[in-house]
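So the chains spell out like this:
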Amino acid sequence: MTIPAQAITTRRIAKDVLELHVGPQHPGSGHMRFVIRLDGDIMVEVDPDIGFVHRTMEKLAENREWLKAQPLFERMAILDAANVTIGYFLALEKLLDIEPPPRAKYIRTILCEISRIASHLYGFGILGIFLGHSTAYMWFFGDREVFIELAERLTGQRLTYSFFLPGGVRRDIPTGFKDDFEKAARYIEKRLKEYEAIFMNNPVIRVRVEGVGVLTKDMAVRLGVVGPNARASGVKHDIRVEEPYDAYPELDFEVPVYKEGDALARFLQRVDEIRESLKIIRQALKAMPNGPIIHERYLRMYTKVMKEVLETQGRAKIPAAMINLRPPAGEAYARAEAARGEYFYYLVSNGGTKPYRARVVSPSFRNVLLFKYLMPGYRLADFPAIYGSLDYFPPEADR
Amino acid sequence: MGVIATLIDLLMWPPVFYLVIFPGFIFTFVLLIILIWAERKVAGRIQMRYGPLEISPRLAGALQLVADLLRYLTQEIIIPRRADRFPYFIAPIAAFVLGMLPIVAIPFSPHYYPIPMNDSILIAAALTTIPPLLTILAGWASNNKFSVIGGARESYLTAAYEAVILISIASIVLAYSTLDFTKAVMLQEQITWGILLNPIAALAMLVGIMMATSRFPFEIVEAEPEVVMGPYTEYSGIMYGLCMGISYVRMFVYNLIFTLLFLGGWHPAGLISTGSFVVDSILVPGAIVATKAIVLSLVMVFARSVYGRYRIDQALAAGWGFWFVIALLSLVVSIGVKAIIGWRA
């Protein structure tokens, strides 16, 4: 078989440059490939090659009912399921022109922040093992379990909650949840101090991350970086503040910002975010009003048995009309701040039971560019340090 | 009579017995199993998990390594098509065996050694420098970019740590004025342990050993997220098992040398006397030396629970810029020590 000449592209590699293919089968690559060109031990060029875990999520969403897109989109970043899907429901509620009752908003915010803490701890664990610190890896992953179990108490699921409904949530806060959370919060606050001793202030870790992978504020803005990575470079950009949704406008919290922009700042920024998240959940549990957890439009459709379940067990059943949801024709967008940055959802409805178009822009997709611009000039051994500090998650970028 | 008796005779012939059974291959192998098990158990304890437990739960998973090795034995050995076959095959095997070879020069008691020699310290130190060459060879023969990078890292680090280790050994030898392990230990029994005579040399050698055997924070050659498995990336099956064992064997051998030079060797053994030659001259001193070396090895593997890994340039800067200077300084200390104790020795 002959291949037409124009189908073959050749690329000239500079002399004395070693081309290294890291991934997709490599312990330090994740579900993607990096083409690294090395001059000695220095990286001169890094090409992130994405798409290895592309699952056509946007197209799949067009082929299933509105509500069934939730378990699908959760799989973009399964470790941060609540924050990933909240944007979809915000957009859908705009299409339906409804707003969830206040109690449901607070419950949503609580779950989102639990999810954020768990996701950050996951990212720390990856950074830990990339720097060869197996104890940090095990500790972070072990302590993440506390928040996964907290979410399980609330939603009945460890990771893929499928907890939100258009105009509400599936379950009310269980009894004793406040005490459980207080226990978890005290535990993680104690542990954060221990992490400082063994990981953050560990001299070996410190020299590996300090001044490595510096992202200047100017560059962060120019590349359109979002989330903790931007905030660690001095860009105060947080959707929870700029376009507040759910219970965030009523809660008092700060957005931690660091100026340094190196791997250490990105890590410390996330540590501060965990502290802020604990603050948010504490406030939300205290300020949470009583009332229904689902919009009255759907409450009216409830049968007697469904109402009984809601009142006695605090579980909101899904009425038949919600499965065959038909939002009026139109389009809507929503933004939400996930653990890794801003999620953008754009939905188009033609009045049918399925979305006409569902478009998602995920934070990892926007941050993947950093690999190309942040790596050159550093040593090969800095590659995992920078990668770990970016908290990049390939399935989220590929969708 | 015949073959079996001849074989037993051969095994009981002192040089063979020494190299194959105690403290040679079999003894080291058993210690290796205990050492790796202890490492994994201690790390598990720190890291909120059990460590090995599935195989032999009653022994707290102590047989896990044996099970792993049996699995390695039954695994297919895949040879890359482009590998240079002969060096590829020979490198890990030779590195493992040569890593154990310095034992020929290491006495376990004043009366128990394979070959009587006057320059045993020199021979042991010289033999420890061979395995890194074979590691570099393994990386080169694999014909894989990650292996080559790993081999290059090993070659840089070898130069850095070997200078530190050899100068530390030279400085303590200067203080003892002998190249014989037995005399060095006897001298320590008279005066005091080497670690007190020249603590700086001891410290420099400890760090050098950790660098030499890629213990954390110097686990740079096989850094997983960067170079997969370094020089051993292309090995599979029992060859991979051998590669994993090389650094442990080398660490144990280095620690034996350290024990004899700095920790007084079989020092308190002279206090025990039962009248039996085997107990007094082989078992008790041997157990003391092995215990000291094992405890030291455990301290070294414990570092992996506390530290991450350095970058290669940071490790080299530490090796040449700091520990090399410290090792040179220990020479001065030894001269001072010699001036003080010289009249006694």
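Residues numbered from 1 in each chain as written. Chains lettered and ligands numbered in written order. Predicted model: local features only at pLDDT ≥ 70, side-chain atom pairs only at ≥ 80, totals over all residues.

1. Quick look at the overall build of chain A
Point 1. When helices and strands are tallied, chain A shows 18 helices and 8 strands.
Point 2. At 22 Å, chain A has a C-alpha radius of gyration in line with the 21 Å of a compact globule built from 399 residues.
Point 3. Each principal axis of the C-alpha distribution contributes one length, and for chain A these read about 75 × 60 × 35 Å.
Point 4. Residues counted as buried form 49% of the 399 residues belonging to chain A.
Point 5. By sequence separation, contacts in chain A at least 24 residues apart represent 69% of the contacts at least 6 residues apart. (Helix = DSSP H or I, 4+ residues; strand = E, 2+ residues; numbered from the N terminus. Rg over C-alpha atoms; globule rule 2.2 N^0.38 Å. Buried ≥ 20, exposed ≤ 12 C-beta atoms within 10 Å, placed from the backbone. Contact = placed C-beta atoms within 7 Å.)

2. Things to note about the sheet that holds strand E6 (residues 330-338) of chain A
All names here are of chain A.
Point 1. With respect to topology, 3 strands assemble into an open sheet ordered E6-E7-E8, the strand pairing being antiparallel. Both edges of this open sheet fall to E6 and strand E8 (357-361), since each of them pairs with a single strand only. Direction aside, neighbouring strands of the sheet carry axes that sit 15 degrees apart on average.
Point 2. Sheet analysis places E6 next to strand E7 (residues 341-349), joined by 9 bridges and oriented antiparallel. Its bridge partner lying in E7, Tyr 333 is registered against Tyr 346. (Pairing = 2+ DSSP bridges. Axes fitted to C-alpha atoms, helices over the stretch in contact; angles between N-to-C directions.)

3. A word on the environment of Phe 258 of chain B
Residues and elements named next belong to chain B.
Point 1. Within the element layout of this structure, Phe 258 appears in helix H13 (residues 237-262).
Point 2. Note: C-alpha distance between Phe 258 and Leu 157 (101 residues apart in sequence) is 20 Å.
Point 3. Setting aside its immediate chain neighbours within four residues, Phe 258 contacts Met 205, Ile 209, Leu 263 and Leu 296.

4. Digging into the interface of chain A and chain B
Point 1. Contact with chain A, which involves 27 residues of that partner, is made by 25 residues of chain B.
Point 2. At the level of secondary structure, the elements contributing two or more residues to the side of chain A that touches chain B comprise strand E1 (18-22), helix H5 (134-155), helix H7 (203-209) and helix H17 (382-390) of chain A.
Point 3. Of the residues forming the side of chain A that touches chain B, the biggest block, 5 residues, is contributed by H5 of chain A.
Point 4. When grouped by side-chain class, the residues that make up the side of chain A that touches chain B number 15 nonpolar, 8 polar and 4 charged. (Nonpolar A, V, L, I, M, F, W, Y, C, P; charged D, E, K, R; others polar.)

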